[in-house]
2 protein chains.
Amino acid sequence: MSENTSQNVEQLSVNTIRTLSIDGVQAANSGHPGAPLGAAPMTYVVWQKFLRFNPRHPEWMGRDRFVLSAGHASMLIYSMLHLTGYPEMTLDDLKNFRQWGYHTPGHPEFFHTKGLDATTGPLGQGAAMTVGLAMGERFLAAKYNREGFPIFDNYTYSILGDGDLQEGVNHEAAALAGHLKLGKLIWLHDDNSVQLDTATFKAESEDTAARFRAYGWEVLRVQDGNNLQEIENAIRQAQTNKDQPTLIQVKTVIGFGSPRAGTSKAHGEPLGEEGVAETKRALGWDYPPFTVPDEVRAHMDATGRGQGYEDAWNKLMDEYRAAHPELGKEVDAMLARDLPANLNEILPSYEVGGKAMATRNASGEVINALAKVIPTLMGGSADLSGSTKTTIKDGGEFLPGSYEGRNVYFGVREFGMAAAGNGLSLYGGIRPLVGTFAVFADYLKPAFRLSAIQMQPVTYVLTHDSIGLGEDGPTHQPVDQLAMLRSVPGAHVIRPADANETAAAWAMALEYDKGPTALILSRQDLPILPRNHAGVKKGAYVVKDAENAQVILIASGSEVALALDSAEALAKEGVNARVVSMPCMEVFRAQDQAYRDSVLTPNTKRVAIEALAKMPWYEWVGSGGAIIGMDTFGASAPAKVLFEKFGFSVENVVKTVKGIL
Amino acid sequence: MSENTSQNVEQLSVNTIRTLSIDGVQAANSGHPGAPLGAAPMTYVVWQKFLRFNPRHPEWMGRDRFVLSAGHASMLIYSMLHLTGYPEMTLDDLKNFRQWGYHTPGHPEFFHTKGLDATTGPLGQGAAMTVGLAMGERFLAAKYNREGFPIFDNYTYSILGDGDLQEGVNHEAAALAGHLKLGKLIWLHDDNSVQLDTATFKAESEDTAARFRAYGWEVLRVQDGNNLQEIENAIRQAQTNKDQPTLIQVKTVIGFGSPRAGTSKAHGEPLGEEGVAETKRALGWDYPPFTVPDEVRAHMDATGRGQGYEDAWNKLMDEYRAAHPELGKEVDAMLARDLPANLNEILPSYEVGGKAMATRNASGEVINALAKVIPTLMGGSADLSGSTKTTIKDGGEFLPGSYEGRNVYFGVREFGMAAAGNGLSLYGGIRPLVGTFAVFADYLKPAFRLSAIQMQPVTYVLTHDSIGLGEDGPTHQPVDQLAMLRSVPGAHVIRPADANETAAAWAMALEYDKGPTALILSRQDLPILPRNHAGVKKGAYVVKDAENAQVILIASGSEVALALDSAEALAKEGVNARVVSMPCMEVFRAQDQAYRDSVLTPNTKRVAIEALAKMPWYEWVGSGGAIIGMDTFGASAPAKVLFEKFGFSVENVVKTVKGIL
């Protein structure tokens, strides 16, 4: 093939990406044509010249990662998936962009569409997750690569828009990546100076290059975003810098070729039939809609080279297994996310009636017990390791240039931490844990939601779980956070009542592979209650029964002990009360009706107790019941005073029960 | 007083701030001694040399604003309030730091303690709110100052820790402030290179000065954070730069003078009796605990000069009122947050059965009607003004150096926007509105919570309110966000069913002055229903009654029309259904029992319908009822398809009702 022909087919390929994208948006009469038109060349260069992937096996572990952070440009990636030969992404899918039952949702949805490395759309988070992806690669490489066996050795790419860069999480993610010297992370900024409302100059004046250099990044510039060679050169230069992540600012024109080129109007509305036609004319494109010219299909099909990449990697893995049999087994088990068969035996167990213990401290012990047998349990906290007890002792520190350590200093960057947690999980094999105070779940909520939507088993260790944290006061007391977390579909929220429930909760977190688990842990010591491992794993169980119970006291966390004390006080007054511990509503809800009825006997009145907002408890108490919870923010005082003042006392429980009987 | 004596009393004053702070922490046996020891000198200089305030009238409008963003250093500000003469802050309060019933909670709580300009503690947000405070000053100055009458003319100061700077919201806030050229905003970075877990070098390597310069800030450096003159010089220089906000990096030693100086250990634990004693020895301090030396009290008491500042300002205001009587009235009414008496007449009204209309569009019309009579209704969206319909037409643009415009381009900075909204509200007089998609309420939740905790009437315009947004798909469909917002104490969440309910909802938002209001608005058109302004204002009301109703259908937003259609279909099958619109649970909950029972007749079965997570509805349906809501994330398809697929159809409502009768 002559140089010229190759040039032509390249340009034709870029324009095919563009026209498929605008045809898809037009067919849906909904979507974002502007970014695909502008960013098609850089996407083409990344995928065609650099990205190692296998369309026939999208999950191949050795692949490079690519995340379209500007997820609204989804047709761009769907077009790429089709053109490079992912069998699932048919032309029919492209024609049915944004329709029920196709692989082409409005924004790229991991788990819905094969070939994506992350769900994107909520701005800032795609790129932030690539920091976790790149950390994951470095961690597994440091841990498992051996001389001559670079089994974990891939680049991570992301394309970002101006909006991605304005989001706060971009600061957290970029600062972390620069600090950690993630040299194999490459971000391409689709620098078109236009955002939805306006030209960016009305909303920002930052010198993005200077900002990234301040974080320790290398910053390169591509003056002409349509110049494939210039883009290729920049990426090649970025790859040679092993000590710094690289931001490539690629100057583009939003809606390139369309009548709305360079304006906000190109961002988020279909171009219209005439606009599409004009754009195609401007691009010199003369085919019917949704056409892939034969030479483009031949040129971009990556199934051959993709299989080649994977075959070579598989061969390397086989040799690795031969040379390092023990390690090979560990890697295979790790990638399969196998759990030790004797998980329950490994968990620490606490003597009933033994020394009272904060569940955060129990969690710390459990983490350290688990870390011994789960080599990729790793993570850290947002500068609260001493408080959240998330440190893996002897786990080493994950530091710039030294990546084998299992303890990450995420800094006071809750959102960036959780996004990195998603990336670590998405990378594969790793079991990330991230920690902060429960109240600061607010800061990371957008990433928690993406853990759920992507079905990633990230464990959130959220301590200081109620007004029971005491003196830090209302800003730090998470009265509203559990309703927030419990309303996220697919997430598990577990608030254990004591050290043993905490151990069971950790097992549940590791065993649940369809979404994140939030462990809600106390700052203060809690007594060790009668042990019922199986009960915890069903989400709720009877801790203490009473014959012909007239009332069921349902509680979680620190309030279970209060419920037990209250039941005793009630018994003295002739009222029979059953006590139910409900550490996890989501798991209990999934039990069969018979079990649920055996715990919450129908027609028995119920009082729920949790030192947090009442909202989640109405489901369980029903009509005629009562909830002892928080209607207001808390206050600053020692925990004992607060529990008393806000009604979490035996006296008030007894009074409340009598009030409904 | 000789130079030397003055030096001595200054040093003595700084050390008094320090010792009061560590005495308070020690008495509580809980709190943060490190930051007050290190940051006392800069705090002293700001308050003693620059800050204009009146301890006898903390709310005086002409005051400079000061926000301790590192809120855990609360004893620092409590000590300042005591020493400068705020009558409420007694020595007894300092001695009872973090105890029930005193003015000294663990973190500074606006509305609890007079003399604070914001509630702080959740890192990053204090400084972020100062951007709003500074915007507010510029807005009111541009709008109301006249030649010779600089009635709005104050500086805004903040002290930040390393953690504040790591938070994502710091990027959003600093980028916005730099962009807007807020020259009277001065941040002092308590640059002690230590954070809770570690020396900062393990968690970050950013060049903060370079980052801020990239945003357009001036950056100054104080080499010795104990050198009062050096600090004073820097602040004076910052004040001369009218076109750029200034970051002053003040090099300090955390826990200065204590045995733990310069270490993480100094951050968040009391020093212990011996540590306190050692620290006092090192500081050359030889008094009993909680002592204020007479010369310090005389030197720092600001009541005289504070009253002088205010008297001068009051005189200026009187002259202003005389010179500009109309404006004077407007300013007085504005500062009192008066509403027009004929508010309800001003609101647009929509003909029942008239053209269907998206509630976001109705909101846009309402905003523009209100803007005509409420001159400080202002704000904007996080780069979604075209979608959220938040633009005030002819309101002008709030741009760098040109601050009279009422439309702010916040950029894709949801959290920074909401924090600025809090600051605008805290400044006084202004009625800020901020807008984004409802799903991105996740991004701004921490600030929404602070709106509530500070009781600030910020209006959140959150559009694209359910799966009804259609094609953008699950990442953009806010199934979990309403449970999140509704669980925040003191916040109102209103999801109007049509254009008329939207108008009433806006009136409710403006009339509610004890917290934020979130307006949850549809992307899609909704029919205009029978009008009941009074009903909406009670939170819930009967839209359509039926004799001897066998079931009550409760719905909000777009699902009210579905409930009405379903009631009709049920009637045909001989089932009498009452339809209740419940736009605002919080307001309905606050009605008396009689009204609540008149709407939700006790013992009538209930079915709630809302195309969002079910959690908030259990409270209203009780046992034996049913909820038609979302148990999963949504999907990408046209709205009609989604409503059908997820069960929001007349057919499914009828089936569900029959299932429970």
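About the criteria used
Residues numbered from 1 in each chain as written. Chains lettered and ligands numbered in written order. Predicted model: local features only at pLDDT ≥ 70, side-chain atom pairs only at ≥ 80, totals over all residues. Heavy atoms only, no water. UniProt positions renumbered as here; feature names shortened; annotations may be inferred. Helix = DSSP H or I, 4+ residues; strand = E, 2+ residues; numbered from the N terminus. Rg over C-alpha atoms; globule rule 2.2 N^0.38 Å. Buried < 20%, exposed > 50% of the residue type's maximum accessible area, 1.4 Å probe, protein only. Contact = heavy atoms within 4.5 Å. Least-squares fit on C-alpha atoms with pLDDT ≥ 70 in both. Arc of directions from axis to C-beta. Phe/Tyr/Trp six-rings, centres within 6.5 Å; stacked < 30°, edge-to-face > 60°. Buried area = accessible area lost by both parts, 1.4 Å probe. Salt bridge = Lys/Arg side-chain N within 4 Å of Asp/Glu carboxyl O. Polar contact = N/O pair within 3.5 Å; in protein donor to acceptor, adjacent residues only side chain to side chain. Expected span 1.5 Å × (residues − 1). Pairing = 2+ DSSP bridges. Axes fitted to C-alpha atoms, helices over the stretch in contact; angles between N-to-C directions. pLDDT = per-residue confidence, 0-100.

By the naming in an unreviewed UniProt entry, chain A is Transketolase, taken from Deinococcus antarcticus. Among the UniProt annotations of chain A, the heading Catalytic activity (unreviewed entry) holds the following wording: "D-sedoheptulose 7-phosphate + D-glyceraldehyde 3-phosphate = aldehydo-D-ribose 5-phosphate + D-xylulose 5-phosphate". The UniProt entry for chain A carries the following comment under Function (unreviewed entry): "Catalyzes the transfer of a two-carbon ketol group from a ketose donor to an aldose acceptor, via a covalent intermediate with the cofactor thiamine pyrophosphate."

Of the regular secondary structure elements, chain A holds 27 helices and 19 strands. In terms of overall dimensions, chain A is globule-like: its C-alpha atoms have a radius of gyration of 27 Å, near the 26 Å expected for 661 residues. Every one of the 661 residues in chain A was classed for burial, and the buried ones make up 69%. Within chain A, counting contacts between residues at least 6 apart in sequence, those at least 24 apart form 77% of the total.

The next point concerns unusual backbone geometry. Of note, the phi angle at A:Ser193 is positive, near 60°, even though the residue is not glycine. If you trace the backbone, A:Ser193 turns up in the loop between β3 (185–191) and α8 (208–215). One non-glycine residue, B:Asp383, lies in positive phi territory at about 60°. One can find B:Asp383 in the loop between β7 (377–381) and α16 (385–388).

With an RMSD of 0.0 Å, the operation that places chain A on chain B is a rotation of 180° combined with a shift of 0.0 Å along the axis. The transformation just described matches what one would write down for a two-fold rotation axis.

Another point: helix α27 (residues 650–660) of chain B. Residue and element names in this part refer to chain B. Those residues of α27 that sit buried are Val653, Val654, Thr656, Val657 and Ile660. Taken around the axis of α27, the buried residues stretch over an arc of 165°, which confines them to a single face. For α27, the exposed residues set more than 90 degrees away from the buried face come down to Glu651, Lys655 and Gly659. On its buried face, α27 sits against β16 (551–555), α22 (559–572), β18 (605–613) and β19 (626–630).

All right, on to the packing of aromatic side chains then. For the coordinates displayed, the defined rule picks out 46 aromatic pairs over all chains. Considering the side-chain rings of A:Phe643 and A:Phe648, the 6.2 Å spacing of their centres and the 80° angle between planes classify their relative orientation as edge-to-face. Judged by relative accessible area, which is 14%, A:Phe643 ranks as buried. Aromatic side chains B:Trp285 and B:Tyr287 sit 4.7 Å apart centroid to centroid with 55° between the ring planes, which places their arrangement in the tilted category.

Relative to the elements of secondary structure, A:Asp197 occurs in the loop between β3 and α8. In sequence terms A:Asp197 and A:Gly183 are 14 residues apart; their C-alpha atoms lie 34 Å from each other. Ignoring sequence-local partners within four residues, the contact set of A:Asp197 consists of A:Ser264, B:Ser381, B:Asp383, B:Leu384, B:Ser385, B:Gly386 and B:Tyr409.

Here we come to the UniProt feature "domain: Transketolase-like pyrimidine-binding" (unreviewed entry) in chain A. Here the UniProt feature "domain: Transketolase-like pyrimidine-binding" (unreviewed entry) sits at residues 357–528 of chain A. Between the first and last C-alpha atoms of residues 357–528 of chain A the distance is 7 Å; the span itself is 38% helix and 20% strand.

Attention now goes to the environment of B:Phe50. All names here are of chain B. Its location among the elements puts Phe50 in helix α2 (residues 34–50). In this structure Phe50 comes out as buried when scored by relative accessible area, which is 9%. Linking Phe50 and Arg236, residues 186 residues apart in sequence, is a C-alpha distance of 8.8 Å. Excluding its chain neighbours within four sequence positions, the residues that come into contact with Phe50 are Val45, Asp64, Tyr157, Glu232, Ile235, Arg236 and Gln239.

Contacts between the two partners involve 95 residues from chain A and, on the opposite side, 95 residues from chain B. For the pair chain A and chain B, the summed buried surface comes to about 7900 Å²; carbon and sulfur atoms form 58% of the total. On the chain A side of the contact with chain B, A:Trp100, A:Arg449 and A:Met615 bury the most area, a combined 10% of that side's loss. Where chain A meets chain B, there are ten salt bridges. With its nearest N and O atoms 3.1 Å apart, the salt bridge here joins B:Asp480 to A:Lys445. The interface formed by chain A and chain B contains 49 residue pairs in polar contact (both at pLDDT 80 or more). Looking at the side of chain A that touches chain B element by element, the count peaks at eight residues for helix α18 (residues 441–453) of chain A.

Helix length check: α2(B), at 17 residues, gives a terminal C-alpha distance of 24 Å against a target of 24 Å (1.5 Å per residue), a fit within 8%. Among the 17 residues of α2(B), 16 are classified as buried, and the element is accordingly described as predominantly covered.

All names here are of chain A. One pass over the full model with this rule turns up 68 salt bridges over all chains. A salt bridge links Glu232 to Lys49; the nearest nitrogen and oxygen atoms lie 3.7 Å apart. Taken together, the residues span a long stretch of sequence, with Glu232 in helix α9 (residues 228–240) and Lys49 in helix α2 (residues 34–50) at a distance of 183 residues. Of the charged contacts in the structure, one is a salt bridge between Arg321 and Asp332, with a shortest N-O distance of 2.7 Å. In this pair, Arg321 is assigned in helix α12 (residues 303–323) and Asp332 in helix α13 (residues 325–335), connecting sequence segments eleven residues apart.

Before going further, it helps to spend a moment on the sheet that holds strand β18 (residues 605–613) of chain A. Residues and elements named next belong to chain A. Read from one edge to the other, the open sheet built from five strands follows the order β15-β17-β16-β18-β19, with strand pairing classed as mixed. The sheet is open, and its two borders are formed by β15 (541–544) and β19 (626–630), each paired with just one other strand. This sheet shows a mean twist of 25° between the axes of neighbouring strands, independent of strand direction. Sheet topology places β18 next to β19; four bridges connect them, and they run parallel. Bridging across to β19, Ile609 finds its partner in Ile628.

All names here are of chain B. Its place among the elements puts Thr246 in strand β5 (residues 246–251). The exposure class assigned to Thr246 is buried, which follows from its relative accessible area of 0%. The contacts of Thr246, once residues within four sequence positions are left out, are Leu185, Ile186, Trp187, Trp217, Glu218, Leu220 and Ala238.

Turning next to the confidence of the model for chain A. All names here are of chain A. Predicted confidence across chain A gives a mean pLDDT of 96, with 99% of residues reaching 70 or more. Per-residue pLDDT stays below 50 along residues 1–6; that stretch engages in one contact with residues further than four places along the chain or on separate chains. Complex prediction metrics read pTM 0.98 and ipTM 0.97.

Its location among the elements puts B:Ser487 in the loop between α19 (481–486) and β12 (492–494). With a relative accessible area of 5%, B:Ser487 lands in the buried category. If we skip the residues at most four places from it in the chain, B:Ser487 touches A:Asp480, A:Ala483, A:Ala613 and A:Met615.

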